[in-house]
Amino acid sequence: MSSRSVSRILILFVVFSLLLVGSMGVLAQDEKVTVGVDAPPRTMDPHGSDADSNLSVMSNFFEGLLQRNTKGELLPGLATSWERVDRLTWRFELRKGVEFHNGNEFTWEDVKYTFEERLENPEVSEFISFGSAIESVSRVDGNDWVIDIVTTEPIPYFVQNLHQVFIVDKESTMERSQGDIGTKPVGTGPYVFDEWVKGSYLRMSANQNYWDGVPEVKNAEIRAITEASTRLATISSGEVDVLQGIPVTMYEAVENNNSIEVITRPSRRAIYLGLGNRDELPTSSLKVRKAMYMAINEKELIEKVMFGHATPAAQIPDPPTTGYSDKIERLEYNPERAKELLAEAGYEDGFTITLSAPNDRYVQDEQIASTIASYLSKVGIDVEVDAKPKSVYFEEVMNNELDFYLIGWFDGSYDFGRSYSKLLHSVDPETGYGTFNGARYSDSVADQLYEASKKVVDPDLRASILRDLNRLAMERVAVIPLHYQEDTYAVRKDSSVEFTPRSDTWIVFKEMSLE
Amino acid sequence: MFSKINELRESKIYKHFVSQPLAVVALIVITLLFLGAVLAPIIAPQDPYAMDKLSLGDSLLPPIWMEGGKAPFILGTDVQGRDIFSTILYGSRTSFIVGLSVVTISGIFGGIIGLFAGYFGGIFDSIVMRSADTVLSFSKTLIAMLLLGIFKQSSMLLVILAIVISDWVQYARTIRGEVLSVKEEEYVLASKAIGGTHLRTIFKHVLPNAVSPLLVVGAVDFGIAVMLEATLSFLGVGVPVTQPSLGMLISQGRNYLYAGKWWLIVFPGLTLMAIVFSLNLISDWLRDEIDPKVSNF
Amino acid sequence: MSSYIGRRILQGIVVLFLVSFIAFIIFQYLGDPVMTLAGRYATQAQREEVRQSLGLDKPFYVQYFNFLKNALQGNFGMSYVTRVPVLDLIAERLPASIELAFVAESFAVIMGVSLGVFVSANPKSIMSKFLMTGSLFGVSLPTFLVGILLIYIFSIKLGIMPSSGRGETITILNFWRSGLLTLDGWRHVILPAFTLGMFQMALLFRITRGAMLEVLSAEYIRTAWAKGLKGKMVLFKHALRNALIPVVTMIGLQFGQLIGFAIVTESIFQWPGAGNLLLNSLYESDFPVVATYVIMVALIVVFLNVIVDISYAFLNPKIRYK
């Protein structure tokens, strides 16, 4: 082959590439709104995953008995009203005249089927623990539009969950195979499923028969882009109109881009450090736990590691959560006092401890862990950072085998009682208490207080008990709270999409409008 | 002493070497980088992993010649306030350790297996070759990810192990091929005929002939191992953060590139490239030396 | 000859068996799918229930035997995560991977072979020296770094290339979703294909050059020269045909790997291919997907290996008797 034919091939390549580049401008501009998200939906079975990334998508196809608006307030959904009849019974009035996407009418049978059969099926449901707490669903006085849901034990926050328990069509769900249910959603929601190309995109169009009026955005697409830098590139190049989850490290790049508007809101998720208080651990001493708390300069951490995109936290729950207390304050940053406390506790020379953390779960998780190690080393505590992928890390947390760990939490049911039972209650595999209590923290006084709160029906009294519980836990430094993350979104100005972020980070297309 | 040097000057290999200026440069570069890695604790301005020495106040400083740069951070700092120059020295240490260990272990292990497989043939040979095929139908990245899954934690040893599991194959295949072609040579047959033991025959006659191709494979493999380690770090299953390698620096640096903090990815990236590139140049030159006729890759 | 082929196929089957066994043993020890499946809030008893319903409480040889028995009937089970038949899941992703590998390989072959021939024909030229050194860069950069830099330059800085996905696709024959039939699809494939193919191109370039130089130094080529045939003709007719044997071998051997293990490239460019599926499944401990996937790729690799070996035997009779 001569050099001439080589150059011919080269020229061909160049021409071809130019053609492709040139075709950039002719991209069709339809009314479709495309949103880039950071995690892909796993299944189209609305009960197959309780991850927010999945529920977010499902909320466009399905509806629960209740729903939440962007502020997180509970509103009527498929039920028009609700009340707690007694400790175990909840009564709902159902909405009439609602149709599933396949034309079937929404009835109380669908609610019964969803609650009694779908939720409790261990092979398909990630809501089994919620589902198994359901005793029965029945009509009241033979009226098809009023139902009672009875739970097996008192669940004070029962209705708080109902916006994420989606109702499915009994008839078609029973007919179809699980594989079909998991790929083709049929709900009552504002959008009808079009196409899901796994790993690529999910397309949907407005439900022309939606009971609350046809939504303004007619066609919508969700694209999951897990690699952070690529995700950012999609908004810069105009491949998506709205982007969820701008990595804080790249924030500056987006802010300097004139064609992109940045929207932020405080996240519900608090990042904190869990500790063990077993006798053999140095952290069994309250003084040591306080010292570690005081050794951390959270303000500097937020500024430098989170690039200013976080707010300091003094407790685990966020303000809208029942049990949040505005009386709790952070311990001050004071490394000198921390050293004294360590000395008083008998650790003048410090000690060694391993800090476990995920490296692909929270904003800057691994970097936060390193920074904590750096702060603690300055008061004499030698910290080994053990950061690993979330799939491995969370298994260790759930096996409760850690000493010191970084984790984040936000409570989907807005209830600190529930958070407490999962995060801080002494581990008890039988009842499911302490599932995420990674270091087996245990405080019998607080546990008793929690038990007491469960028996209270009066919501105000219960809230005040939960606030006390929260204060008690923070006084005893059951965890070291760090910060609330910030949810960040980017919107392309030329897309004319009006977008308000939600407290639960869901992408709900019916809430968007076009200018 | 002088005569020795003169002798060296006269040697063919030396002449060839200096006639290849690129190879000379490559050798110098790799030597410097290696020395930098070995002497890191002495020459690095900062121990980047002594947690108590770090200050977030120095976070993300640009290189010293840019506005906002600050001594002693010649190449700038990362988000933790670590000196990039020092992290590169320490990081290449990890990369060199991984590369050298992989080459040594898979070279010896694969070499011996290939030697015996080729020499004895038969069942043993079949077992070895089938295992090799099996390994080759997994990818190196996959093997490493599976290992991480089994051991539930990342460590340098695990990374080395993961790479060795897939790398021994090429050494074994190379040496087996050589052995097969040497085996029927007259001097080997002669050694057998006069009652030489297997071991003796193998080590005295077969091995010396098969060594040189191994060297070439080794030089290339070194570079591949260093790159693979970097890829594993990128996928989140590489060496632990407390023992960062060049790959980890690059993969962490990618998050800052778009915000204009280019020094976090560019300097480690260049270093990694310099190492692999030099190794490839050297192996190229080695190959030409050993077998000027065949210059396969 | 037929006994050689038979033996070679038998060896292939042995390898596949080993792969399936290893895959299965390893997956026994990977993360616990019950955790992902039972939901974060499940109690111990509920987890146990899930474990039993998945058959995960049985001894591993029983599970392995069941797995193998089902696999031979084409039933690879359901994905833990999506509860969809695994085979469907993989089949849905394979076209994307095959197309990406195909474009990458074509690019690598066209560029690599032609440059290799060019360099061997003009070994002394400066261009050749430059290309030789340049090709070393191609094998000195980790794939992920190339991908990141390409996205940074072409998508972010210049804004002329899409950074992710396949673009518009057209479904043909009811199952094959193709991106190569639309202009948009081609625009999307360029960057990832280049990233994936670069290493391959450098490799093929160097192999071609080596093979060409070897053949050119052979007796019959020199004879051809002496007979006065024109230089170009000699190169094409004799040298290239002979030099292509190792090149074709290499292409065959690498293609399977390109399809199956473009993990890094697919993850950077969010290419909806099988490699991306594998990575996600690994992260989510979706064992059935990973197990099936590993076996499927082994199937492709072994198949190509056997084909290459057999055609080699046809071309080079000496091998048959070894």
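None of these values were measured; they are calculated from a predicted model.

## As for the packing of aromatic side chains
Residue and element names in this part refer to chain A.
Line of reasoning, step 1. By the definition in use, this model includes 30 aromatic pairs over all chains.
Line of reasoning, step 2. Measuring from centroid to centroid gives 5.1 Å for Tyr393 and Phe394, while their planes differ by 75 degrees, and the two rings are edge-to-face.
Line of reasoning, step 3. Given the relative accessible area of 0%, Tyr393 is considered buried.
Line of reasoning, step 4. A ring pair is formed by Tyr433 and Tyr450, whose centres lie 5.7 Å apart and whose planes are at 85 degrees; its orientation type is edge-to-face. With Tyr433 in the loop between α14 (416-423) and α15 (444-455) and Tyr450 in helix α15, the pair connects residues that are 17 residues apart, well separated along the chain.

## Here we look at the environment of Leu449 of chain A
Residue and element names in this part refer to chain A.
Line of reasoning, step 1. With respect to the secondary-structure elements, Leu449 resides in helix α15.
Line of reasoning, step 2. Judged by relative accessible area, which is 27%, Leu449 ranks as partly exposed.
Line of reasoning, step 3. Put simply, Leu449 and Gln160 are 289 residues apart on the chain and 22 Å apart in space, counted from C-alpha to C-alpha.
Line of reasoning, step 4. Sequence-distant contacts of Leu449, that is, excluding residues within four places in its chain, are made with Ile465, Asp468, Leu469 and Leu472.

## Description of the interface of chain C and chain B
Line of reasoning, step 1. Counting residues at the interface gives 51 residues for chain C and 39 residues for chain B.
Line of reasoning, step 2. Summed over both partners, the interface of chain C with chain B comes to about 4,100 Å²; 75% of that surface belongs to carbon and sulfur atoms.
Line of reasoning, step 3. For chain C, the biggest contributors to the area lost against chain B are Leu136, Ser140 and Phe144 of chain C; these three give 13% of the whole.
Line of reasoning, step 4. Remark: the boundary between chain C and chain B carries zero salt bridges.
Line of reasoning, step 5. At the junction of chain C with chain B, the criterion picks out two residue pairs in polar contact (both at pLDDT 80 or more).

## Details of the confidence of the model for chain B
Residues and elements named next belong to chain B.
Line of reasoning, step 1. When pLDDT is averaged across chain B, the result is 82; 89% of the residues are at 70 or more.
Line of reasoning, step 2. Per-element mean pLDDT across chain B ranges from 61 in helix α1 (residues 2-10) up to 91 in helix α5 (residues 84-120).
Line of reasoning, step 3. Within the model, the stretch residues 292-297 combines pLDDT values under 50 with 19 contacts to residues more than four positions away or in other chains.
Line of reasoning, step 4. Among the prediction metrics, the complex's ipTM stands at 0.81, with pTM recorded as 0.83.

## Description of the nonpolar core
Line of reasoning, step 1. Of all hydrophobic cores here, the largest spans 154 residues; its most connected members are Trp168 and Tyr258 of chain B together with Phe144, Ile148 and Ile268 of chain C.
Line of reasoning, step 2. At 14 residues, the largest contribution of residues to this core is made by helix α8 (residues 156-183) of chain B.
Line of reasoning, step 3. Ignoring anything within four residues of it in the chain, the contact list for Phe144 of chain C reads Ala230, Thr231, Phe234, Gly247, Ile250 and Ser251 of chain B together with Val264 and Ile268 of chain C.
Line of reasoning, step 4. Residues Leu376, Val385, Met398 and Met474 of chain A belong to the second largest nonpolar core, which totals 73 residues.

## Quick notes on helix α9 (residues 286-294) of chain A
Line of reasoning, step 1. Every buried residue of α9 of chain A is listed here: Val288, Arg289, Ala291, Met292, Tyr293 and Met294 of chain A.
Line of reasoning, step 2. Measuring from the backbone nitrogen of Lys287 of chain A back to the side-chain oxygen at the start of α9 of chain A gives 3.2 Å, which picks out Ser285 of chain A as the cap.

## Regarding a nonpolar patch on the surface
Residues and elements named next belong to chain B.
Line of reasoning, step 1. A grouping of Phe34, Leu35, Val38, Leu39, Ile42, Ile43 and Leu100 is seen on the molecular surface, where their side chains present a nonpolar patch of about 600 Å² in accessible area.
Line of reasoning, step 2. Of all the secondary structure elements, the ones that give two or more residues to the nonpolar patch are α3 (21-38) and α4 (40-43).
Line of reasoning, step 3. For the nonpolar patch, the leading source of residues is α3, giving three residues.
Line of reasoning, step 4. Turning to its location among the elements, Ile42 is positioned in helix α4.

## Overview of the pattern of salt bridges
Line of reasoning, step 1. Under the definition given, this model contains 40 salt bridges over all chains.
Line of reasoning, step 2. Salt-bridge contacts for Glu92 of chain C lead to Lys198 of chain A; the nearest nitrogen and oxygen are separated by 2.7 Å. Taken together, the residues span two chains, with Glu92 of chain C in helix α5 (residues 86-121) and Lys198 of chain A in the loop between β8 (191-197) and β9 (201-206).
Line of reasoning, step 3. Classification of Glu92 of chain C as partly exposed rests on a relative accessible area of 35%.
Line of reasoning, step 4. Classification of Lys198 of chain A as buried rests on a relative accessible area of 8%.
Line of reasoning, step 5. With a shortest N-O distance of 3.1 Å, Arg187 of chain C and Asp184 of chain C are connected by a salt bridge. With Arg187 of chain C and Asp184 of chain C both in helix α8 (residues 183-216) and three residues apart, this pair spans about one turn of that helix.
Line of reasoning, step 6. Arg187 of chain C gets classed as buried once you look at its relative accessible area, which sits at 2%.
Line of reasoning, step 7. Through salt bridges with shared partners, one network takes in Lys32, Glu195, Arg203, Glu221 and Arg223 of chain A together with Glu168 and Arg177 of chain C.

## Observations concerning the side chain of Ser278 of chain B
Residue and element names in this part refer to chain B.
Line of reasoning, step 1. For Ser278, the position within the fold is in helix α12 (residues 263-290).
Line of reasoning, step 2. On the accessibility criterion, Ser278 (4% relative accessible area) is buried.
Line of reasoning, step 3. Here Ala274 takes part through its backbone oxygen, which lies 2.6 Å from a polar atom of the side chain of Ser278.
Line of reasoning, step 4. Beyond its immediate chain neighbours, meaning those up to four positions away, Ser278 contacts Ala26, Val29 and Ile30.

Rules used in this analysis
Residues numbered from 1 in each chain as written. Chains lettered and ligands numbered in written order. Predicted model: local features only at pLDDT ≥ 70, side-chain atom pairs only at ≥ 80, totals over all residues. Heavy atoms only, no water. Phe/Tyr/Trp six-rings, centres within 6.5 Å; stacked < 30°, edge-to-face > 60°. Buried < 20%, exposed > 50% of the residue type's maximum accessible area, 1.4 Å probe, protein only. Helix = DSSP H or I, 4+ residues; strand = E, 2+ residues; numbered from the N terminus. Contact = heavy atoms within 4.5 Å. Buried area = accessible area lost by both parts, 1.4 Å probe. Salt bridge = Lys/Arg side-chain N within 4 Å of Asp/Glu carboxyl O. Polar contact = N/O pair within 3.5 Å; in protein donor to acceptor, adjacent residues only side chain to side chain. pLDDT = per-residue confidence, 0-100. Core = buried A, V, L, I, M, F, W, Y, C linked by side-chain atoms within 4.5 Å. Patch = residues over 30% accessible without salt bridge, like charges linked within 9 Å, V, L, I, M, F, W, Y side chains within 5 Å. Areas by Shrake-Rupley, 256 points an atom, 1.4 Å probe, with all protein chains shown as cover.

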